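Observations on the model geometry
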Amino acid sequence: MTILVTGGAGYIGSHVTRQLIEQGHDVVVVDNLNRGHRCAVDSRCIFYEVALNETERLVEVMTNHSVEAVLHFAALAYVPESVAQPLWYYENNVSGSISLLKAMHQADVGKLIFSSSCATYGIPDSLPITEETPQMPIHPYGWSKLVFEQVLKDYHAAHPDFAVTFLRYFNVAGCSTDGSLGEDHDPETHLIPIVLQVALGQRECVTVYGTDYPTPDGTCVRDYVHVDDLAAAHILALNSLQAGDCRTYNLGNGQGFSVKQIIAAVEQVTGRSIPVKYGERRAGDPPSLYASAELIRQELGWTPRYAEVSEIIQTAWDWFRNHPHGYTPE
Ligand code: UDP
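In this report, the structure presented in the accompanying data block is examined. (Residues numbered from 1 in each chain as written. Predicted model: local features only at pLDDT ≥ 70, side-chain atom pairs only at ≥ 80, totals over all residues. Heavy atoms only, no water.)

**Section: the overall build of the protein**
Scanning the protein from N- to C-terminus turns up ten helices and 13 strands. Computed over its C-alpha atoms, the radius of gyration of the protein comes to 19 Å, within 12% of the 20 Å expected for a compact globule of 330 residues. Overall size of the protein, expressed as C-alpha extent along the three principal axes, is 55 × 45 × 40 Å. Of all 330 residues assigned to the protein, the portion counted as buried reaches 57%. Relative to all contacts within the protein whose residues are 6 or more apart in sequence, the contacts with residues 24 or more apart total 78%. Of the roughly 13800 Å² that the protein leaves accessible, carbon and sulfur atoms contribute 47%. Counting 21 positive and 39 negative side-chain charges, the protein places the averaged centre of each group 3 Å from the other. (Helix = DSSP H or I, 4+ residues; strand = E, 2+ residues; numbered from the N terminus. Rg over C-alpha atoms; globule rule 2.2 N^0.38 Å. Buried < 20%, exposed > 50% of the residue type's maximum accessible area, 1.4 Å probe, protein only. Contact = heavy atoms within 4.5 Å. Areas by Shrake-Rupley, 256 points an atom, 1.4 Å probe, with all protein chains shown as cover. Lys, Arg positive; Asp, Glu negative; His and termini not counted. Charge placed at Lys NZ, Arg CZ, Asp CG, Glu CD.)

Shown next, in the form of structure tokens:
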């Protein structure tokens, strides 16, 4: 099957592209390279530097390569940035995604796997979060993902053969174990990479955003899932997608770790001590998010290989140690 991957030069898209190729799929990647890395795109796929709002070019790509399904990763994904620049987020994540869907419609491509987020749940009333937990985002990034979920539900209702799966990611972390793909964000805002950069001496300390949350140690709790496990879930979701489906799965490990626990785990994995500063809460952070991913385990047989957060951190540490400047050569 020929698959179009949007955002295939990004962190998650590049890891999923790799697995698709290894499973024998032909992959076409589109990415505007705004935040992605050209060298993260596997040399075995076809690459186009195209933005989501270039509908006609997307139609051309899909038609010329007889694309049968789309995996849609391309998005802006920093919560604090979305709070500061909401219009930019809606433009990219909603308008850009509508342009992609229009192109799929014109090119008669009827299958889509959409990268959604646990951020659509906002501050849940109860934990763990299931797919039935009410969605009430608390920041523009979360809303941008929820709005496009709704666009897809409405499109699906009008086109009953259209097949879509929403994958709601929790906190994706870790890197491919062969050292060829990794995490290289600019700016970097995510906890694990930041703490590893402190371990490498690239930053003086990590600031813990808030210590007065209603959690066991007062810092925010998140569910960390390895990027290759997440990628494997995409393959399962794609292979099982049938005409007319509209499915939703949470993707998390089902266990919550506080910011302090992550810092302690990094100290243990790296054998280095991490200087910490305690700061104010960051805008848009819910206190506690962790998943029930029972549905995808039961329905698709998804079994994450990296159950321990220390294993996830180890794979990221291997990448950061060997690529202190990310994809940029020293
Ligand atoms: N965090 C922190 N210091 C940092 C970066 C993140 O305390 O330098 C916290 C952040 O407030 C959140 C958790 O770590 O509670 C995970 O944040 P991240 O940005 O990695 O992912 P998010 O949960 O926002 O998607």
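**Here's the deal with the sheet that holds strand 5 (residues 111-117)**
One open sheet holds the seven strands; their spatial order is 3-2-1-4-5-6-11, and the pairing between them is parallel. Edge strands, defined here as strands with exactly one partner in the open sheet, are strand 3 (46-49) and strand 11 (246-251). The sheet shows a mean angle of 20° between the axes of neighbouring strands, taken without regard to direction. Bridge count for strand 4 (residues 69-72) against strand 5 is three bridges, and the pairing is parallel. Within the sheet, the bridge partner assigned to Val-70 lies in strand 5 and is Leu-112. (Pairing = 2+ DSSP bridges. Axes fitted to C-alpha atoms, helices over the stretch in contact; angles between N-to-C directions.)

**Some remarks on helix 2 (residues 55-64)**
Thr-55, Leu-58, Val-59, Val-61 and Met-62 are the residues of helix 2 that are buried. Mapping the buried residues of helix 2 onto a view down its axis gives an arc of 165°, with all of them on the same face. What points out from helix 2, more than 90 degrees from its buried face, is the exposed set Glu-56 and Asn-64. Considering only its buried residues, helix 2 is in contact with strand 1 (2-6), strand 2 (26-31), strand 3 and helix 4 (86-106). Among the residues trailing helix 2, Ser-66 stands out with phi positive, at a value near 50°. (Arc of directions from axis to C-beta.)

**Focus on the packing of aromatic side chains**
Counting across every chain of the model gives five aromatic pairs. Here Phe-114 and Phe-148 contribute two aromatic rings whose centre-to-centre distance is 5.1 Å and whose plane-to-plane angle is 75°, an arrangement assigned as edge-to-face. Here Phe-114 is found in strand 5, whereas its partner Phe-148 is found in helix 5 (residues 140-158), with 34 residues between them in sequence. You can call Phe-114 buried: its relative accessible area is 1%. An angle of 55° between the planes, with centres 5.1 Å apart, marks the rings of Trp-319 and Tyr-327 as tilted. With respect to class, Trp-319 is no different from Tyr-327; both count as buried. Three or more aromatic residues joined by ring pairs form one cluster here, namely Phe-114, Phe-148 and Phe-166. Here the guanidinium or amino end of Arg-281 rests over the ring plane of Tyr-213, the centre of that ring lying 3.9 Å away. (Phe/Tyr/Trp six-rings, centres within 6.5 Å; stacked < 30°, edge-to-face > 60°. Lys NZ or Arg CZ within 6 Å of the ring centre and 35° of its normal.)

**Details of the pairing of strand 4**
Taking every second residue as pointing to the same face, both faces of strand 4 are buried, with Ala-69 and Leu-71 on one and Val-70 and His-72 on the other. By the bridge criterion, four bridges tie strand 1 to strand 4 in an arrangement that is parallel. Its bridge partner being in strand 4, Leu-4 is matched across the sheet by Val-70.

**Description of the site of the ligand**
Taken together, 14 residues surround the ligand, and among them Leu-191, Thr-207, Arg-222, Arg-282 and Asp-285 come closest. In this structure, a nitrogen atom belonging to the ligand sits 2.7 Å away from a main-chain N or O atom of Thr-207. Between the ligand and Tyr-209 there is a distance of 2.9 Å, counted from an oxygen atom to a backbone nitrogen or oxygen. Calculation on the ligand without its partners gives an accessible area of 510 Å², and the protein chains cover 89% of this total. With three residues, the single largest contributor to the shell around the ligand is strand 8 (residues 206-209). (Near = heavy atom within 4 Å. Polar contact = N/O pair within 3.5 Å; in protein donor to acceptor, adjacent residues only side chain to side chain.)

**Some details on the side chain of Asn-253**
Turning to its location among the elements, Asn-253 is positioned in the loop between strand 11 and strand 12 (257-258). Using a relative accessible area of 16% as the deciding quantity, one classes Asn-253 as buried. Only 2.8 Å separates the side chain of Asn-253 from the backbone oxygen of Tyr-224, close enough to count as a polar contact. Setting aside its immediate chain neighbours within four residues, Asn-253 contacts Asp-223, Tyr-224, Val-225, His-226, Arg-297, Pro-304, Tyr-306, Ala-307 and Ile-312.

**Side note on the packing of helix 6 (residues 191-199) against helix 10 (residues 309-322)**
Their axes nearest at 10 Å, the elements helix 6 and helix 10 cross at an angle of 55°. Between helix 6 and helix 10, the crossing angle belongs to the class labelled oblique. In terms of crossing hand, the pair formed by helix 6 and helix 10 is right-handed. Note on element contacts: helix 10 touches helix 6 through Ile-313, Ala-316, Trp-317 and Phe-320, opposite Ile-192, Pro-193, Leu-196, Gln-197 and Ala-199. (Parallel < 35°, antiparallel > 145°, perpendicular 65-115°, else oblique. Left-handed = near helix turned anticlockwise from the far one by under 90°.)

Nothing here speaks to function; it is geometry throughout.
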